[in-house]
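Architecture and fold: a report
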Amino acid sequence: MRSSSTPSAGSPAHQSPSRLPALIAAAIDADRHRDLDGTGPKAGAGALRNGDTIHPGDDGTRTARRIAATIGRMITAGDLAVGERLPTVRELSRRLGVSPTTVSVAWRSLADVGVIETRGRNGTYVRHPRGAEAPRRYRMVTGAAADGADHFDIDLSTGTPDPDLLPDLGPVIARVSRQSLTSSYLDRPVLPALEELLDATWPFAAEAITVVDGALDALDRVAQVALRLGDRVVVEHPAFPPILDLLDQLGCEIVGVDVDDEGIVLDQLAAAFATAESGRPGAAPPAAVILQPRAQNPAGIAMSASRAAAIAGIVGGTTALVVEDDHANDISSAPLVSVGSWLPAQTVHIRSYSKSHGPDLRLAAVGGSGEVVNSVANRRRLGPGWSSRILQAVLVELLQDPSTADTMAAARSAYADRRRAVAAVLAGHDVPMTGQDGINAWIPVDDERVATVALAARGIGVAPGHPFLVRPDGDHLRVTVGLLAHDGPDGGSRLAEVAEAVAAAARQHSTHRRPAHR
């Protein structure tokens, strides 16, 4: 392991201390010109970390986020070496024309991902990355669910499937238990039978396929091999909180792109990929686009084929990787569309079996770009090696059992029916609900906190919307409507009762005005 101590003064990697503020300023200026030229994302398109500030006259680019991301890229590129002493907060703030507070926030962001360290009066230095903070956004969602586990009559904050709509694993496990599953550390990580099934049903010709422990494990492993500190990554706005937490922990710059009824908005995506003038430092195009092609969590959007083709037209010709998280799989009502149909070598598609076939299977398939997928598989050999072949065998039995297809069809129908029923009740109160697919509903509300508390008082748990936001936006709730069954003891009135309560809560507001969530 390389030491984080200061290298020798004669090291060619070191910059003259007097030149560092100018060097950093030049890199940040490249981003400023990029936005002013109209070739970059719109101001505010990236993720604003908690505590970021934009000062009057700052033109929206010399923010703490921008400073942190630019310096992160410089560290990754070797322009700032490990052990390099950085300018003081006051020195850099004067050079950039921003307040010391803005630079201090940027320094904290870089310290949070472990790439710089403060040594008291000796100054601040570049260091090797270390572990990062806990996933704060995801904890805002899962923490609420855990806290309410004992007192919610119905918890719609979880984003989990209805257990009654999952396949019965009992008979399948019984059949698998009679098989000989003795294996070796040297066996292939994916059972041949499962690999054959995956290859036959993949949405495009994958260069390589492997299996890991669920969709989040897949996203983490793909990101670890494909992304570096300071990389720009395009995500949907709103987005699944663990994706944002993961990118934060990797020190990436998050670029949020709105979604409409067909997927991510094309003009915003094109703006994110517009490059700065040749030769300007620090203005790298996005390294990846991460999207959910259907049942987008939380918005319920499904990507259309024409939108996927247009995305491929924008990303094609760049080095960016498209990462698709098909977390809903067979319980989605929308057909599966993949950018990989146009860009197979630049796409990694993730297919999860947790929501559709069973959370405890803990399996997801990863297929597409051979360079990325093989890197994931090879790196994994140095850790867990493979996902349980017993669980893989259970999945093979499920996929080959004709009754599983019937179960999936019934689940799709039930989830779609529940979604339509809730949407109809909300529409009766002029409360909109985005999207048409998946088990979650994204509902705008007048006051997110007031609505959450009002529903909790009625024994209904929901997820607050702000952990899903890439940038400041209006108040929302994420409600797992897929858990609202019609067949209650009173003939389905429970679904209508909960939907009415959500509609009423959506129109409640505090007497105090609050800023949009950050």
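It should be noted that the structure appears before, not after, this text.
Notes on the structure in this doc start here. (Residues numbered from 1 in each chain as written. Predicted model: local features only at pLDDT ≥ 70, side-chain atom pairs only at ≥ 80, totals over all residues. Heavy atoms only, no water.)

The subject of this paragraph is the overall build of the protein chain. Summing up its helical and strand segments, the protein chain has 17 helices and 15 strands in all. Per-residue burial for the protein chain yields a buried fraction of 54% across its 518 residues. Taking contacts inside the protein chain between residues at least 6 apart in sequence as the whole, the part at least 24 apart equals 77%. (Helix = DSSP H or I, 4+ residues; strand = E, 2+ residues; numbered from the N terminus. Buried < 20%, exposed > 50% of the residue type's maximum accessible area, 1.4 Å probe, protein only. Contact = heavy atoms within 4.5 Å.)

Here we take up the side chain of E236. Within the fold, E236 resides in strand 5 (residues 232-237). Comment: no salt bridge for buried E236; closest opposite-charge side chain is R307, at 9.2 Å. Looking at E236, its side chain comes within polar contact range of the main-chain nitrogen of Q292, at 3.2 Å. In terms of polar contacts, E236 uses its side chain to reach the side chain of Q296, at 3.3 Å. (Lys, Arg positive; Asp, Glu negative; His and termini not counted. Salt bridge = Lys/Arg side-chain N within 4 Å of Asp/Glu carboxyl O. Polar contact = N/O pair within 3.5 Å; in protein donor to acceptor, adjacent residues only side chain to side chain.)

With that settled, the discussion passes to unusual backbone geometry. In the segment running from H237 into P238, the intervening peptide bond is cis, with an omega of 5°. With respect to the helices and strands, P238 occurs in the loop between strand 5 and helix 9 (241-250). In this model, N297 is joined to P298 through a cis peptide bond whose omega is 25°. Within the chain, D430 stands out as a residue other than glycine whose phi angle is a positive 60°. Here D430 shows up in the loop between helix 15 (402-427) and strand 12 (441-444).

Close contact between helix 8 (residues 215-226) and helix 9 brings their axes to 11 Å; oriented N to C, the two are set at 30°. Judged on the interaxial angle alone, helix 9 and helix 8 are roughly parallel. Like other packed secondary-structure pairs, helix 8 and helix 9 cross with a definite hand, here right-handed. Contact residues: L216, L219, D220, A223 and Q224 in helix 8; P242, I243, L246 and L250 in helix 9. Looking at the contact of helix 8 with helix 9, its residues break down into 7 nonpolar, 1 polar and 1 charged. (Axes fitted to C-alpha atoms, helices over the stretch in contact; angles between N-to-C directions. Parallel < 35°, antiparallel > 145°, perpendicular 65-115°, else oblique. Left-handed = near helix turned anticlockwise from the far one by under 90°. Nonpolar A, V, L, I, M, F, W, Y, C, P; charged D, E, K, R; others polar.)

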